Amino acid sequence: MLEKLQKAPIDPILGLTELFQRDPNQQKINLSVGVYKDNLNNTPIFNAVKKAERIILEKEKTKTYLPISGLPEFCEKTQRLVLGENCKICEEERVGTVQTVGGTSALRIFADFLRNNFGHKRIWIPDPTWENHAKIFQMAGHEVTTYPYYDSLTQSLNWYSLKLTAEKIPSGDVMLLHGCCHNPTGLDLDKSQWEEISNILNRKGILPLVDFAYQGLGDGLEEDAIGIRIMANNVPELFICYSFSKNFGLYNERCGALLTIGENKEFVQKALSQIKVVIRTNYSNPPSHGAQIINTILSDEVLKIEWLEELNRMCQRIKDMRCLLVEKLKEKDLNKDFTHILKQKGMFSYTGLSKEQVKRLREEFSIYIVESGRINVAGITTQNIDRLVDAIIKVI
């Protein structure tokens, strides 16, 4: 059997990391993979996380399985983090949450739940979007198509075409939106646009799915959730895929959640029962450690404050590097304008560099950027920024 297989192409993002690791250049720079780096180019563990782990180690009495839906306290804390402490939807029990193996697993569980109960659907994803979105839904048997999101001429959100396309999406289709810090463009909907798009989806009978992977890395923890909360209050049904990889730095703990919002408690419980079937036949139940860390921090006011301070410092460093990059490029008095980068939010930025320019950066300067020109701003440091700017100047 195996001799008949064709070798799969390398992942466009993780494959770049493999090339980066093999590159002997001591001054190489990796701006491809979406992992936070501090100014020393390390991916640190939050102090609040280390303290929570010590508490868990001291109090832990068992290694037994979690329920299929995960740690109940974690699920409750996640709902409040996403929808707000005084969430009316939560009080009415119109939201149900399951713990997942990272945000990627939440997307795949939703995709399988959809297929198992409603057949093959059409999923509308932004153009562009995270590389893995299309593959996840295609592997689950769904049809994937795109809606306009980025205007390459103005280097801004293509709101007019986005809205026009949403009006043409048939009832019963699914539309995927990014909760904040859009990957890869860094361009988000504003409050009025969230209101408008949620009203369109409600009127048209389109099911919204929100991928929420970067809460706290844009404008702030509460500010980044405004769009989702608007959507939750304006539509009868909503699914949210959440990741704790970035805002808690728990990349290798693979901790996420899938939130289901329905018109009433009965509908939500029916959906959760089917979602648990998907989980049971996939990985049976989720790992405990990451969920225990998050629950411990969010249950302790002192630890929660420390975590928020660390998160805010992380967010500020990303903003500082974004501004410094634009400032240093502007100092070079180039013909090309990079000020559009200042309008973007979160870890990622669409630079406007072409495929050929990206290729030259990699081959001539050992600077690794995704083919689309997307960079991870968090990979820029005060030590490597001058080399990065000099290289960009040479390829444009």
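See above for the structure.
Remember, predicted model here, so these are calculated numbers, not experimental data. (Residues numbered from 1 in each chain as written. Predicted model: local features only at pLDDT ≥ 70, side-chain atom pairs only at ≥ 80, totals over all residues. Heavy atoms only, no water.)

## What about the overall build of the protein chain?
Next, step 1: Scanning the protein chain from terminus to terminus reveals 14 helices and 13 strands.
Next, step 2: By the compact-globule yardstick of 21 Å for 396 residues, the protein chain fits well, its C-alpha radius of gyration being 21 Å.
Next, step 3: If one aligns the C-alpha atoms of the protein chain with their principal axes, the spans along those axes are about 60 × 55 × 55 Å.
Next, step 4: A burial count over the protein chain gives 53% of its 396 residues as buried. (Helix = DSSP H or I, 4+ residues; strand = E, 2+ residues; numbered from the N terminus. Rg over C-alpha atoms; globule rule 2.2 N^0.38 Å. Buried < 20%, exposed > 50% of the residue type's maximum accessible area, 1.4 Å probe, protein only.)

## Remarks on helix H14 (residues 385-395)
Next, step 1: Those residues of H14 not exposed but buried are Ile385, Leu388, Val389, Ala391, Ile392 and Val395. The buried residues of H14 occupy one face: seen down the axis, they fall within an arc of 165 degrees.
Next, step 2: Looking at the buried residues of H14, the elements they touch are strand S1 (29-30), helix H12 (301-331), helix H13 (355-365) and strand S12 (367-368). (Arc of directions from axis to C-beta. Contact = heavy atoms within 4.5 Å.)

## Concerning the packing of aromatic side chains
Next, step 1: Summed over the entire model, instances satisfying the criterion amount to 12 aromatic pairs.
Next, step 2: Their ring planes at 85 degrees and their centres at 5.8 Å tell us that Tyr214 and Phe348 sit as a pair that is edge-to-face. Of this pair, Tyr214 sits in the loop between strand S8 (207-212) and helix H9 (226-234) while Phe348 sits in strand S11 (residues 348-350), and the two are 134 residues apart along the sequence.
Next, step 3: The class for Tyr214 is buried, based on a relative accessible area of 8%.
Next, step 4: Here a set of aromatic residues connected by ring pairs shows up, and it is made of Phe74, Phe212, Tyr242, Phe244, Phe248 and Trp307.
Next, step 5: The ring centre of Phe20 lies 4.7 Å from the NZ or CZ of Lys28, which sits over that ring.
Next, step 6: Of note, Lys336 hangs over the ring of Phe338, and the distance from its end group to the ring centre comes to 5.7 Å. (Phe/Tyr/Trp six-rings, centres within 6.5 Å; stacked < 30°, edge-to-face > 60°. Lys NZ or Arg CZ within 6 Å of the ring centre and 35° of its normal.)

## Examining the pattern of salt bridges
Two side chains with opposite charge may pair up if their charged atoms get near one another.
Next, step 1: Summed over all chains, the structure comprises 21 salt bridges.
Next, step 2: The partner of Arg229 in a salt bridge is Glu222, with the nearest N and O atoms 2.7 Å apart.
Next, step 3: Residue class for Glu222 comes out partly exposed when judged on its relative accessible area of 43%.
Next, step 4: Within the structure, one salt-bridge network assembled from shared partners comprises Glu76, Arg80 and Glu91. (Salt bridge = Lys/Arg side-chain N within 4 Å of Asp/Glu carboxyl O.)

## With respect to the packing of helix H5 (residues 102-118) against helix H6 (residues 131-139)
Next, step 1: Interaxial distance between H5 and H6 falls to 9 Å at its minimum, and their mutual angle equals 35 degrees. For the crossing formed where H5 meets H6, the hand is right-handed. On the side of H5, the interface is formed by Thr104, Leu107, Arg108, Phe110 and Ala111, while H6 contributes Asn132, His133, Ile136, Phe137 and Met139.
Next, step 2: Per-class residue counts for the contact of H5 with H6 are 6 nonpolar, 3 polar and 1 charged. (Axes fitted to C-alpha atoms, helices over the stretch in contact; angles between N-to-C directions. Left-handed = near helix turned anticlockwise from the far one by under 90°. Nonpolar A, V, L, I, M, F, W, Y, C, P; charged D, E, K, R; others polar.)

## With respect to the side chain of Ser243
Next, step 1: By the element assignment, Ser243 lies in strand S9 (residues 238-243).
Next, step 2: With a relative accessible area of 7%, Ser243 lands in the buried category.
Next, step 3: Residue contacts for Ser243: discarding those within four places in its chain leaves Gly103, Phe212, Ala213, Cys255 and Gly256.

## Things to note about the pairing of strand S3 (residues 122-127)
Next, step 1: Looking at chain direction, S3 and strand S4 (residues 143-148) are connected through 6 bridges and run parallel. Within the sheet, the bridge partner assigned to Asp127 lies in S4 and is Pro148.
Next, step 2: Crossover connection from S3 via H6 to parallel S4: handedness right-handed.
Next, step 3: Relative to strand S7 (residues 174-178), S3 runs parallel, the two being bridged by 2 bridges. (Pairing = 2+ DSSP bridges. Right-handed = clockwise from strand over helix to strand, strands pointing away.)

## Let's talk about H5
Next, step 1: Compared with an ideal rise of 1.5 Å per residue, which puts 17 residues at 24 Å, H5 spans 24 Å between its outermost C-alpha atoms and is within 8% of the ideal.
Next, step 2: Note on H5: the residue one or two positions beyond its end, Gly119, has a positive phi of about 80 degrees. (Expected span 1.5 Å × (residues − 1).)

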